[in-house]
Amino acid sequence: EERQLARLSKLPSVSKDGVTFALGANIELPREVEQALAAGATSIGLLRSEFLFMNRNDVPDEEEQYQQLAEIVKGMAGRVVTVRTLDVGGEKLASALGDLSPGPNPALGLRAIRLSLARPELLDAQLAAILRAGAHGPLRILVPMVATVDEMKQVREAMGKAARRLVRKGIAIADPLPPLGAMIEIPAAALAADALARVCDFLALGTNDLTMYALAIDRGDEQVAHLYNPLHPAVLRLIQ
């Protein structure tokens, strides 16, 4: 089966009705870059940056994050890498960040960009590391769990502040600054996509969470998992 799939890896990505599209890979660890390229990925459509914070008791500093991200960008050899900022909280916990209370409803609590904006030192170090990695090849920055225009404005302001700090120190960064995009994974973001588009350079659909929030169904709950349906008309309308 793997041999059969391998024969498809170099074929062009074209839909049955003749539309050409780009097929990227989602990765969680630097070592997966080689697998993605072998499978024919034309980009990293989503790099989950949580690997930097997992299975440790201390927070990685800017330098450590930069070294890891730069390795991935270099490994992609000119192909675009889309780095998602830290997406922890809820069911995804990182002991390095200390005792994060899950709150009464973790899925609706302090997580993803909400957490990063509440802990600006985390966001600053991560954005600075991403900007520095961008000196080695093309990348984009993706913000998870966006619900409002103001959140994107705050992240853009933080990115500009980090960039100015690095330039003053004479440290090489991406030039021009990387495109900044929002994950559309909350129904409010999908319904207000026109407003978000005015403050974003691109949008990315996060259909797992979009389906969960739209249908009020936790796919990890076996009692209701059979009701989790990404093709539900409501979900398709939000995507449209």
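As a reminder, the structure under discussion sits directly above these lines.
Residues numbered from 1 in each chain as written. Predicted model: local features only at pLDDT ≥ 70, side-chain atom pairs only at ≥ 80, totals over all residues. Heavy atoms only, no water.

In this structure, what is going on with a nonpolar patch on the surface? I would like to understand it.
Residues Leu-205, Leu-231, Leu-236 and Ile-239 make up a contiguous nonpolar surface patch of about 360 Å² in total accessible area. Inspection of the secondary structure puts Leu-236 in helix α10 (residues 233–239). Residue Leu-236 is classed as partly exposed on the basis of its relative accessible area of 40%. (Patch = residues over 30% accessible without salt bridge, like charges linked within 9 Å, V, L, I, M, F, W, Y side chains within 5 Å. Areas by Shrake-Rupley, 256 points an atom, 1.4 Å probe, with all protein chains shown as cover. Salt bridge = Lys/Arg side-chain N within 4 Å of Asp/Glu carboxyl O. Helix = DSSP H or I, 4+ residues; strand = E, 2+ residues; numbered from the N terminus. Buried < 20%, exposed > 50% of the residue type's maximum accessible area, 1.4 Å probe, protein only.)

I keep staring at the pattern of salt bridges and nothing clicks. Help me out?
Pairing is possible between side chains of opposite charge, provided their charged atoms come close. Considering all chains together, one arrives at 12 salt bridges under this definition. Between Arg-119 and Glu-121 there is a salt bridge; the shortest N-O distance is 3.1 Å. Residue class for Arg-119 comes out partly exposed when judged on its relative accessible area of 24%. What makes Glu-121 partly exposed here is its relative accessible area of 47%. For Arg-165, the salt bridge goes to Asp-124, with nearest N and O atoms at 3.1 Å.

Explain the sheet that holds strand β5 (residues 180–184) to me, please; I cannot follow it from the model alone.
Sheet strands pair by backbone hydrogen bonding; their relative direction is either parallel or antiparallel. One open sheet holds the six strands; their spatial order is β1-β2-β3-β4-β5-β6, and the pairing between them is parallel. The strands lining the two open edges of the sheet, one partner per strand, are β1 (25–27) and β6 (202–205). Strand-to-strand twist across the sheet, computed as the mean angle between neighbouring axes with direction ignored, equals 30°. Alignment of strand β3 (residues 81–84) against strand β4 (residues 139–143), held across four bridges, turns out to be parallel. Counted as the bridge partner of Val-83 is Ile-141 from β4. Contacting β1, β2 (44–48), β3 and β4, helix α3 (residues 62–75) crosses the sheet at an angle of about 155° to β3. Against the sheet, helix α6 (residues 149–168) engages β4 and β5, with an angle of about 150° to β5. (Pairing = 2+ DSSP bridges. Axes fitted to C-alpha atoms, helices over the stretch in contact; angles between N-to-C directions. Contact = heavy atoms within 4.5 Å.)

Can you help me understand α6 in this one?
Along an α-helix, residues three or four apart share an orientation, since each turn contains 3.6 residues. For α6, which comprises 20 residues, the first-to-last C-alpha distance of 29 Å matches the rise-based estimate of 28 Å (1.5 Å per residue) to within 8%. For α6, the set of buried residues is Glu-151, Met-152, Val-155, Ala-158, Met-159, Gly-160, Ala-162, Ala-163, Arg-165 and Leu-166. Check the buried side of α6 and you find it contacts α3, α4 (112–118), α5 (120–133), β4, β5 and α8 (193–197). Backbone geometry just after α6 places Gly-170 at a positive phi near 75°. (Expected span 1.5 Å × (residues − 1).)

I keep staring at the pairing of β4 and nothing clicks. Help me out?
A regular strand carries its side chains on alternate faces of the sheet. When you tally the buried positions in β4, you get four out of five residues, the bulk of the element. With three bridges joining them, β4 and β5 adopt parallel strand pairing. From the neighbouring strand, Leu-142 faces β5, where its bridge partner is Gly-181. Regarding topology, α6 serves as the crossover connection from β4 to the parallel β5, and that connection is right-handed. (Right-handed = clockwise from strand over helix to strand, strands pointing away.)

Honestly, the nonpolar core in this entry has me stumped. Any pointers?
For soluble globular proteins, nonpolar side chains are generally found buried alongside one another. Of all hydrophobic cores here, the largest spans 53 residues; its most connected members are Ile-27, Ile-44, Leu-47, Val-81 and Met-152. The leading source of residues in this core is α5, at eight residues. Excluding residues that lie within four positions of it along the chain, Val-81 makes contacts with Ile-44, Leu-47, Ile-72, Val-73, Met-76, Pro-138, Leu-139 and Arg-140. In terms of nonpolar packing, the next biggest core, distinct from the first, is built from nine residues, Ala-112, Met-145, Met-212 and Tyr-213 among them. (Core = buried A, V, L, I, M, F, W, Y, C linked by side-chain atoms within 4.5 Å.)

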